Amino acid sequence: MNFTLQIWRQDRPGDSGRYETIEAHEIDAEASFLEMLDQVNERLIAQGSRAVAFDSDCREGICGACSLTIDGLPHGPQQVTTCQTYMRDFRDGQTIRVEPFRNNAFPVMRDLVTDRGALDRIIQSGGYISTSTGPQPEPNAMPVSPEVQTTAMDAAICIGCGACVAACPNGAAMLFTGAKVTHLNSLPQGQAERGDRVRSMVHQMDAEGFGGCTNFGECSLACPQEISIDVIGTLNREYRKAVRDEKKASKKMVAQ
Amino acid sequence: MLVTDGTRARRSGLRELWDSSIGKKIAVAVSGGILVGYVVLHMLGNLNSLYGPGNGDARVDDYAHWLRTFGEPLLPYGFVLWAVRVLLLAALVVHVTGIVQLRARSRAARGGHPARRIGRSFSAATTIVTGSLLLAFIVFHILQFTTLTIDVTPLHEGAVYANLYNAFQKWYFVLLYVLAVGSLGFHLRHGVWSAVQTLGFDSPEKNQAIRRTAGALAVFVVVGFVLVPVLFWTGALSAPDVANTQASITVVAR
């Protein structure tokens, strides 16, 4: 198969990038999108040009490193990661526009590589639990019902790729943050920091410059893990309760 | 932007809410809820005009008068009316200010690269448009039927039925009101369920029901509002009895 690629090229962070047209000839239909880019790069290197920089790691759809927007769709036409997108999903001779995940909080480092450290800093601000060291705890001391477990695991499946952010017309990171908060706040292990977690994560999310949700639901349609926007409702609820309880707690402290 | 507890802004209560994106959305949702509540009452109140001219003493004229005398003699004349007006203005200011600020944030976050549409509904995509149209319409509507400034058709204070009848004999007013109410319908369809989501009152098993309720509420409000201009225009509601109306206005006007 042959394709015409319009690829975003940008030499260094802060540069104004541009689209460059690159021909990709004789590509196997069973090649993944990243394998296609590998072949393009080999030819570019043979010609003495600079290879197209892009992120990838596990190439089996579980790490969340790959991050391309293909024809405006984060990760491409199928609701899977870029590494699991295959060239058979495109027409022979098609012109494909490839750009990095777009968001001001994701600065482009080079070509298609973005710095998604903003998501890591959101995790850092509250995506942890406190646990005591010592002897192994009694296994039945913390019962988790199957319903709670399902809710938590459906959210914990997030691989943190940032497709939700790239898909969002408002550049919001609320599906990501919602997934993390739903995961940790619904399990008993996460109760100690419950209120603090959501307040810190939302504060960090805002500090990174992400936008706000308008409930379009497009994040969920781009998510390779199919996380539902119900997690955003949970995030909103947890945040509202945390601010309310904090207010109550501070009043109580003054009274004592 | 590094995460350190020392630099983390520790605000509390309303200040923290207004400064955070989620809190601002909550403010928009609550103020929107107040406006939705008013819109439903306004629509139900309007339906009083369906009782017809009532031989010079139209029920809707009495209703308008009752709104002003409501709470008397405990409260002064027009007190409740003005209290509601102040509340609505405050809600509208919070609603619009919140949205303008959130929108500025969101635009900045995209960094000049608008996202491709991949599945937003029509009502969701046009919320900002229908909202702006509604804001312009509200200004026009108040200038027409509250302050009686836009006096194209003969308008007289207190003669609500006659004012409505005369205004809605003009096809362009009917069209304008139907379009405005249509915008309101789309605005409500996305706005109401969105507010429920923002306030976190949703849950996975209730979400479908909430969306349907929002759609049903939008239809209910649209039908209720549209009935009045359409029935006047088609002639289903007859012309006011002019002589008697003039007489009753002099009684009503204090």
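Residues numbered from 1 in each chain as written. Chains lettered and ligands numbered in written order. Predicted model: local features only at pLDDT ≥ 70, side-chain atom pairs only at ≥ 80, totals over all residues. Heavy atoms only, no water.

Novice: Describe in detail the packing of helix α2 (residues 21-46) of chain B against helix α9 (residues 207-234) of chain B, supporting the description with residues and values.
Specialist: Residue and element names in this part refer to chain B. Interaxial distance between α2 and α9 falls to 9 Å at its minimum, and their mutual angle equals 40°. α9 is crossed by α2, and the crossing has left-handed handedness. In contact with V36, V39, V40, H42, M43, L44 and N46 of α2, α9 contributes L217, F220, V221, G224, F225 and V228. Each residue belonging to the contact of α2 with α9 can be placed in one class, and the counts come to 10 nonpolar, 3 polar and no charged. (Axes fitted to C-alpha atoms, helices over the stretch in contact; angles between N-to-C directions. Helix = DSSP H or I, 4+ residues; strand = E, 2+ residues; numbered from the N terminus. Left-handed = near helix turned anticlockwise from the far one by under 90°. Contact = heavy atoms within 4.5 Å. Nonpolar A, V, L, I, M, F, W, Y, C, P; charged D, E, K, R; others polar.)

Novice: Give me the lowdown on a nonpolar patch on the surface, citing residues and values where you can.
Specialist: Where nonpolar side chains cluster on the molecular surface, the patch consists of V152(B), W171(B), Y172(B), L175(B), L179(B) and W233(B) and spans about 660 Å² of accessible area. Inspection of the secondary structure puts Y172(B) in helix α8 (residues 171-199). (Patch = residues over 30% accessible without salt bridge, like charges linked within 9 Å, V, L, I, M, F, W, Y side chains within 5 Å. Areas by Shrake-Rupley, 256 points an atom, 1.4 Å probe, with all protein chains shown as cover. Salt bridge = Lys/Arg side-chain N within 4 Å of Asp/Glu carboxyl O.)

Novice: Break down the domain arrangement of chain A for me, citing the residues and quoting the values.
Specialist: Note: interface size is frequently given as the accessible area lost on complex formation between the parts. Residue and element names in this part refer to chain A. Domains assigned within chain A are domain 1 (3-110) and domain 2 (116-255). The distance between the C-alpha centroids of domain 1 and domain 2 comes to 31 Å. Domain 1 puts 19 residues into the contact, and the matching count from domain 2 is 20 residues. Taking both partners together, domain 1 and domain 2 bury about 1400 Å²; carbon and sulfur atoms supply 59% of that area. Three residues stand out in domain 1 for area buried against domain 2, namely P74, Q79 and F106, and they jointly supply 41% of the buried area on that side. Counting every contact that joins domain 1 to domain 2 gives 1 salt bridge. A salt bridge links D55 to R116, with the shortest nitrogen-to-oxygen separation between them at 3.3 Å. (Domains from an automatic or database assignment. Buried area = accessible area lost by both parts, 1.4 Å probe.)

Novice: Now, about unusual backbone geometry: what can you tell me, with residues and values included?
Specialist: Going from E72(B) to P73(B), the amide bond is cis rather than trans, its omega being 0°. Within the secondary structure, P73(B) sits in the loop between α3 (59-69) and α4 (79-110). Even without being a glycine, D71(A) presents a positive backbone phi close to 50°. Within the fold, D71(A) resides in the loop between β3 (68-70) and β4 (73-74).

Novice: Account for the pairing of strand β5 (residues 95-100) of chain A, with residues named and values stated.
Specialist: All names here are of chain A. Note: strand β1 (residues 3-9) against β5, 4 bridges, orientation parallel. Across the sheet, T4 pairs through a bridge with T95, a residue of β5. Alignment of β3 against β5, held across 3 bridges, turns out to be antiparallel. By the bridge assignment, L68 is partnered in β5 with P100. (Pairing = 2+ DSSP bridges.)

Novice: Summarise α3(B); cite the residues concerned and give the values.
Specialist: Of all the residues in α3(B), the buried ones are V60(B), D61(B), A64(B) and T69(B). Just beyond α3(B), the residue with positive phi is G71(B), at close to 95°. (Buried < 20%, exposed > 50% of the residue type's maximum accessible area, 1.4 Å probe, protein only.)

Novice: Provide a residue-level description of the interface of chain B and chain A, including the pertinent values.
Specialist: Contact residues are listed per partner, giving 45 residues for chain B and 50 residues for chain A. Taking both partners together, chain B and chain A bury about 4000 Å²; carbon and sulfur atoms supply 51% of that area. Two residues, R105(B) and D206(A), come together in a salt bridge whose shortest N-O distance is 3.5 Å. Broken down by element, the side of chain B that touches chain A gets its largest block of residues, 6 residues, from α8(B). Tallied by class, residues from the side of chain B that touches chain A come to 18 nonpolar, 14 polar and 13 charged.

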